[in-house]
Amino acid sequence: MSNLFFFKLIRLETSRLALEVGKVNTKKFVGAIDQGTTGTRFIIFNQEGKQVSSAYREHEQIYPQPGWVEHDPQEIWINLGVVTQEALNKAGLKANDLAAVGITNQRETVFTWDEKGVPLHNGIVWQDRRTADRCKELEETEIEQVVEERTGLRLDPYFSATKIEWLLENVEGLKEKVEGGGVHFGTIESWLIWKLTGGDVYVTDHTNASRTMLFDIEEKDWDKELLDFFGVPRDCLPDPVENVEEYGEVSGLDSLEGTPIGAALGDQQAALFGQGCYSPGEGKNTYGTGSFLLVNIGEEPTIGDKLLTTIGFSSGGETKYALEGSIYSTGATIQWLRDGLGIIDEARKSEGLAESLDGNDGVYLVPAFAGLGAPHWDSNARGTVIGLTRGSDERHLARAGLESIAYQVEDVIRAMKEEADRQLAELRVDGGAAENDFLCQFQSDISSIPLLRTGIFESSALGAAYGAGLAVGVWDDLEELEGLIETRDNQRFEPEMEEEQRTELYEKWEEAVERAKNWVL
């Protein structure tokens, strides 16, 4: 069954039921809750998928110890009430003007709360490294293989399993409360849905569940062996559900009272959905502080050594999987040129410096400031500049910095081709650095694929809105969503570089990366 067909089937059945009861959804707006690492945003989109209004509030980053990062669940909940009301007020709308609301969120971060909705500890954030030693001791054990084969992930404190294990072992009285019943663990969308529905709905969507290191991505259910190993009781976890379906109506937040909750997706999968990557071979890259490149690989997961395998999106009994490559330093490299070296005073000025040269003159920057992510996975690598001469100056560093972003993305693209035997048809891009024309053209050149800058800069929120709108009939199917994306102010970059030059540049990059690896012993 094609991905377009299964969404059409869902929509036809929903439309039939609506007609039977004499109601057709004529509401023209969809809301998206975008709960991120630094703050919470609520965006209202119209039927054309265009932003009508938005509101944002930051929340405190709590650092109890070096390497530990926490969030206050109650602060996030209060902020959600503020931003939803503010965005509605800006648009001159009320809750009953919204056809539905969708949720996208920072992944892997874990909350725990009781049956009354009271948090039992601060949320442990995805960035938190307190369980690094625990993960280290499990390397090269049988459980590491189980994690990789069933969850598609690597054994890493980044994911949720060891965070929950830590909470159970270190929060006074939590184990006893678990034994007594009524303790909930969940990623942020689970907490938000529980709160929004007044505690009536306790679920987690497939994309977020697939980032916990406890979830069998083929069975689409919690893995008993992993739950037992990490000591996580099944009845303390939410029920897994598909990404596009109605979970219930809001009853716990006045500003959204009565609004259906129609979708939930982790932030990067939501961006994949918002960018219209609905068919195998379609991918997106978000150029943020780091970069996340996801490629739709179809209905069968591919487990490899270099990249993560995750659930891309699901609905109507069908699931699309994705390969994901996370790159630690992309936009952060340009920030370093600006704030660390002071060679530019605005990030956008890196483009002019890079374009003032005809080539890189053999200068390469490997921005391994915190190690290298996919596909190298070398935490001991460190930042390296190589190829400098007396003639090198700020122009060479700016160009090397921008080129390093594209080279790292190409590293991931090549690993995806190797592990999934699939070539990208085109790469859709978003994020702040995607506004840089030099970077976009060089990315297209070095990767030898077309690059599409879609003009969607809130792609995660848009993906959540698209999913929610599909669930309630604002949009009929994926073809309609693709049509909306095509009408945007898109810009296409085509590869112009000769193969010989591409090969020479990339081989030198590979040499530079090898020099940067394993520096910290």
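Residues numbered from 1 in each chain as written. Predicted model: local features only at pLDDT ≥ 70, side-chain atom pairs only at ≥ 80, totals over all residues. Heavy atoms only, no water.

Engineer: How do you make sense of the overall build of the protein when you look at a structure like this?
Structural biologist: Per the secondary structure count, the protein includes 17 helices and 23 strands. Relative to the compact-globule value of 24 Å for 521 residues, the protein shows a C-alpha radius of gyration of 23 Å, a close match. The principal-axis extent of the C-alpha atoms belonging to the protein is close to 75 × 50 × 45 Å. For the protein, with 521 residues in total, the buried portion stands at 58%. For the protein, contacts bridging at least 24 residues in sequence account for 72% of all contacts bridging at least 6. Total accessible area on the protein stands at roughly 20,900 Å², and carbon and sulfur atoms take up 45% of it. Averaged over its 48 positive side-chain charges, the protein has a centre that lies 3 Å from the centre of its 93 negative ones. (Helix = DSSP H or I, 4+ residues; strand = E, 2+ residues; numbered from the N terminus. Rg over C-alpha atoms; globule rule 2.2 N^0.38 Å. Buried < 20%, exposed > 50% of the residue type's maximum accessible area, 1.4 Å probe, protein only. Contact = heavy atoms within 4.5 Å. Areas by Shrake-Rupley, 256 points an atom, 1.4 Å probe, with all protein chains shown as cover. Lys, Arg positive; Asp, Glu negative; His and termini not counted. Charge placed at Lys NZ, Arg CZ, Asp CG, Glu CD.)

Engineer: Before we go on, may I ask you to explain the sheet that holds strand S17 (residues 308-315) in this structure?
Structural biologist: Hydrogen bonds between backbone groups are what pair the strands of a sheet, and the pairing can be parallel or antiparallel. Spatially, 7 strands are ordered S17-S18-S16-S15-S21-S22-S23 in an open sheet, and the strand pairing comes out mixed. Looking at strand neighbours, the two that pair on one side only are S17 and strand S23 (491-493), the edges of this open sheet. Here the average twist between neighbouring strands, direction ignored, is 25°. Judged from the 7 bridges that link them, strand S16 (residues 291-298) and strand S18 (residues 318-327) form a sheet pairing that is antiparallel. By the bridge assignment, Val295 is partnered in S18 with Leu323. Across the sheet, helix H10 (residues 267-274) is in contact with strand S15 (282-287), S16, S17 and S18; its angle to S15 comes to roughly 125°. With respect to the sheet, helix H14 (residues 437-447) is in contact with S15, strand S21 (426-430), strand S22 (451-453) and S23, its orientation differing from that of S22 by roughly 155°. (Pairing = 2+ DSSP bridges. Axes fitted to C-alpha atoms, helices over the stretch in contact; angles between N-to-C directions.)

Engineer: What exactly am I supposed to notice about the environment of Glu514 here?
Structural biologist: The residue Glu514 is located in helix H17 (residues 499-516) in this model. Separated by 148 residues in the primary sequence, Glu514 and Val366 have C-alpha atoms spaced 9.6 Å apart.

Engineer: Mind showing me how you'd approach the pairing of strand S3 (residues 51-58) here?
Structural biologist: Sheet topology places strand S2 (residues 39-46) next to S3; 7 bridges connect them, and they run antiparallel. Within S3, the residue paired with Phe45 across the bridge is Gln51. The hairpin formed by S2 and S3 contains 4 residues between the paired strands, and Gly49 there has a positive phi angle of roughly 75°.

Engineer: In this structure, what is going on with helix H2 (residues 73-91)? I would like to understand it.
Structural biologist: Because each turn of an α-helix spans 3.6 residues, side chains separated by three or four positions end up pointing in the same direction. Spanning 19 residues, H2 covers 27 Å between terminal C-alpha atoms, matching the ideal 27 Å at 1.5 Å per step. N-capping of H2 is provided by Asp72, with a side-chain oxygen placed 2.9 Å from the backbone N of Gln74. Trailing H2 by a residue or two, Gly92 shows a phi angle of about 65°, which is positive. (Expected span 1.5 Å × (residues − 1). Polar contact = N/O pair within 3.5 Å; in protein donor to acceptor, adjacent residues only side chain to side chain.)

Engineer: Any chance you could explain the confidence of the model for the protein here in plain terms?
Structural biologist: Reading fine detail from the predicted coordinates is not recommended where pLDDT is low. Scored by pLDDT, the protein has a mean of 89; 95% of the residues are at 70 or more. Note on residues 8-24: pLDDT is under 50 here. Beyond four places in sequence and across chains, it has 14 contacts. (pLDDT = per-residue confidence, 0-100.)

Engineer: Please clarify how the packing of H2 against helix H7 (residues 188-196) should be interpreted in this entry.
Structural biologist: When two helices pack together, their arrangement is given by the angle between their axes and by how far apart the axes lie. Their axes nearest at 11 Å, the elements H2 and H7 cross at an angle of 60°. Judged on the interaxial angle alone, H7 and H2 are oblique. Relative to H7, H2 is oriented so that their crossing is right-handed. Residues Pro73, Gln74, Trp77 and Leu80 of H2 lie in contact with H7, whose contacting residues are Trp191, Leu192, Lys195 and Leu196. Here the residues of the contact of H2 with H7 sort into 6 nonpolar, 1 polar and 1 charged. (Parallel < 35°, antiparallel > 145°, perpendicular 65-115°, else oblique. Left-handed = near helix turned anticlockwise from the far one by under 90°. Nonpolar A, V, L, I, M, F, W, Y, C, P; charged D, E, K, R; others polar.)

Engineer: What should I look at first to understand a negative patch on the surface in this one?
Structural biologist: Side chains of Glu498, Glu500, Glu504, Glu507 and Glu510 sit close together on the surface and give a patch of like negative charge. Among the residues examined, Glu498 registers a relative accessible area of 59% and is labelled exposed. (Patch = residues over 30% accessible without salt bridge, like charges linked within 9 Å, V, L, I, M, F, W, Y side chains within 5 Å. Salt bridge = Lys/Arg side-chain N within 4 Å of Asp/Glu carboxyl O.)

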